[in-house]
Amino acid sequence: MNCIEIFKKLNYFDLNIKIKLDKEILVIQGPSGSGKTSIFDCISGITNPDKGEIILNDKIVYSSEKNINLPIKDRGVGYVFQNYGLFPHMTVKDNIMFGVKNNKNCQVDESHGEYVMEILKIDHLKNRYPKEISGGEKQRVALARALAIKPNIMIMDEPFSALDSKTKELVYKEFLEFKKVCDVSIILVTHDTYEAKLLGDRIINIKDGALM
């Protein structure tokens, strides 16, 4: 179980939210500047709440009351961004294994990366470079990289928005198949109502730092 309870004073409003999340896909929707990025920054440890508690996979990673504040590398948060963030000079496999090899606290070996590539049907691409694969394939590589560290939680920020409509439909189908074998909690941000209803187990809305 994940429990995110955050209070933080921002420039134009107070962020005051409480979210409980199981092994599911939770969609958060809201206008730009509504507090979504601040929530993610607090979860990952980029910034700290003024007070609250963040529990990821039953582990307290932040607590103002108990004076707990784990560093980013120890929180086990996987990110998938809109622009994928792949390293152009690295092969697909090296991109996927980057987080594992550069985090001494990550208790995962290379075989898990191979397993993730197989699940996402990209194992045949492992020796290629990002410039040699399609947008849909890049999206799956970015997802595999986030999963390779066996994250406690995954944050997906508009991960499909850069894809054309035909590729989106294909990736949606693959993502729904992946969801059946996925054993991780996912927070997905999208402005696309169709996408939210298709992929999400739950949908919540945020406005001016408060859940609606």
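Thresholds, definitions, all that
- Residues numbered from 1 in each chain as written.
- Predicted model: local features only at pLDDT ≥ 70, side-chain atom pairs only at ≥ 80, totals over all residues.
- Heavy atoms only, no water.
- Helix = DSSP H or I, 4+ residues; strand = E, 2+ residues; numbered from the N terminus.
- Expected span 1.5 Å × (residues − 1).
- Buried < 20%, exposed > 50% of the residue type's maximum accessible area, 1.4 Å probe, protein only.
- Arc of directions from axis to C-beta.
- Contact = heavy atoms within 4.5 Å.
- Polar contact = N/O pair within 3.5 Å; in protein donor to acceptor, adjacent residues only side chain to side chain.
- Salt bridge = Lys/Arg side-chain N within 4 Å of Asp/Glu carboxyl O.
- Core = buried A, V, L, I, M, F, W, Y, C linked by side-chain atoms within 4.5 Å.
- Phe/Tyr/Trp six-rings, centres within 6.5 Å; stacked < 30°, edge-to-face > 60°.
- Pairing = 2+ DSSP bridges.
- Axes fitted to C-alpha atoms, helices over the stretch in contact; angles between N-to-C directions.

- If you check an unreviewed UniProt entry, the protein appears there as ATP-binding cassette domain-containing protein from Clostridium senegalense.

### Quick notes on helix α5 (residues 165–181)
Given 3.6 residues per helical turn, the α-helix brings residues three or four places apart onto the same face.
Phase 1: Taking 1.5 Å of rise per residue, the 17 residues of α5 would be expected to cover 24 Å, and the 25 Å separating its terminal C-alpha atoms lies within 8% of that figure.
Phase 2: For α5, the set of buried residues is Lys-168, Val-171, Tyr-172, Phe-175 and Phe-178. Along α5, the residues classed as buried sweep out an arc of 130° about the axis, all on the same side. Residues of α5 that are exposed and point over 90 degrees away from its buried face: Lys-166, Lys-173 and Lys-180.
Phase 3: Turning to α5, the residues buried within the fold contact β3 (25–29), α3 (110–119), α4 (135–148), β8 (153–157), β9 (185–189) and α6 (193–199).
Phase 4: At the N-terminal end of α5, a side-chain oxygen is found 3.1 Å from the backbone nitrogen of Lys-166, two or three residues along, and the residue is Asp-164.

### Regarding the pattern of salt bridges
Phase 1: Applying the stated criterion across every chain yields a total of 7 salt bridges.
Phase 2: Of the charged contacts in the structure, one is a salt bridge between Lys-93 and Glu-114, with a shortest N-O distance of 3.0 Å. Taken together, the residues Lys-93 in helix α2 (residues 92–101) and Glu-114 in helix α3 connect sequence positions 21 residues apart.
Phase 3: The class of Glu-114 is partly exposed, set by a relative accessible area of 24%.
Phase 4: Taking the shortest distance from any N to any O, the salt bridge between Arg-140 and Glu-174 comes out at 3.3 Å. Placement of the pair is Arg-140 in helix α4 and Glu-174 in helix α5, with a sequence separation of 34 residues.
Phase 5: Assessed through its relative accessible area of 13%, Arg-140 is described here as buried.
Phase 6: You can call Glu-174 partly exposed: its relative accessible area is 23%.

### Brief notes about the nonpolar core
Phase 1: Core analysis: the largest hydrophobic core is formed by 36 residues, its most contacted members being Ile-96, Leu-143, Met-154, Met-156, Phe-160, Phe-175 and Ile-186.
Phase 2: Listed by contribution, the elements that provide at least two residues to this core are β3, α2, α3, α4, β8, α5, β9 and α6.
Phase 3: Examining the composition of this core, we find that 7 residues originate from one element, α4, more than from any other.
Phase 4: When near neighbours in sequence (up to four residues on either side) are disregarded, Met-154 contacts Gly-78, Val-80, Leu-143, Ala-146, Leu-147, Val-184, Ser-185, Ile-186 and Ile-187.

### Digging into the environment of Glu-137
Phase 1: Mapped onto the elements of the fold, Glu-137 is located in helix α4.
Phase 2: Of note is the side chain of Glu-137, whose polar atom sits 2.8 Å from the backbone nitrogen of Ser-134.

### Points about α3
Phase 1: Listed in full, the buried residues belonging to α3 are His-112, Gly-113, Val-116 and Met-117. In an axial view of α3, the angular spread of the buried residues amounts to 140°, which keeps them on one side of the axis.
Phase 2: Just past α3, the residue Lys-121 takes up positive phi, approximately 60°.

### Overview of the packing of aromatic side chains
Phase 1: Using the criterion set out here, one finds 5 aromatic pairs in the structure.
Phase 2: For the pair Tyr-79 and Phe-81, a centre-to-centre distance of 5.0 Å together with 5° between the ring planes defines the contact as stacked.
Phase 3: On the numbers, 4.8 Å between centres and 55° between planes, the contact of Phe-87 with Phe-98 is tilted. Residue Phe-87 is found in the loop between β7 (77–80) and α2, and its partner Phe-98 is found in helix α2; the two are separated by 11 residues along the sequence.

### Structural notes on the sheet that holds strand β11 (residues 210–211)
Phase 1: Read from one edge to the other, the open sheet built from 6 strands follows the order β7-β8-β9-β3-β10-β11, with strand pairing classed as mixed. Either end of the sheet is taken by a strand with one partner, and the two such strands are β7 and β11.
Phase 2: Note: β3 against strand β10 (residues 202–207), 4 bridges, orientation parallel. Counted as the bridge partner of Val-27 is Ile-203 from β10.
Phase 3: Sheet contacts for α4: β7 and β8; angle to β7, the most-contacted strand, approximately 170°.

### Quick look at the environment of Ile-149
Phase 1: Mapped onto the elements of the fold, Ile-149 is located in the loop between α4 and β8.
Phase 2: Take Ile-149: its relative accessible area is 21%, and that puts it in the partly exposed class.
Phase 3: When the C-alpha atoms of Ile-149 and Gly-78 are compared, they prove to be 7.6 Å apart, with 71 residues separating the residues in sequence.

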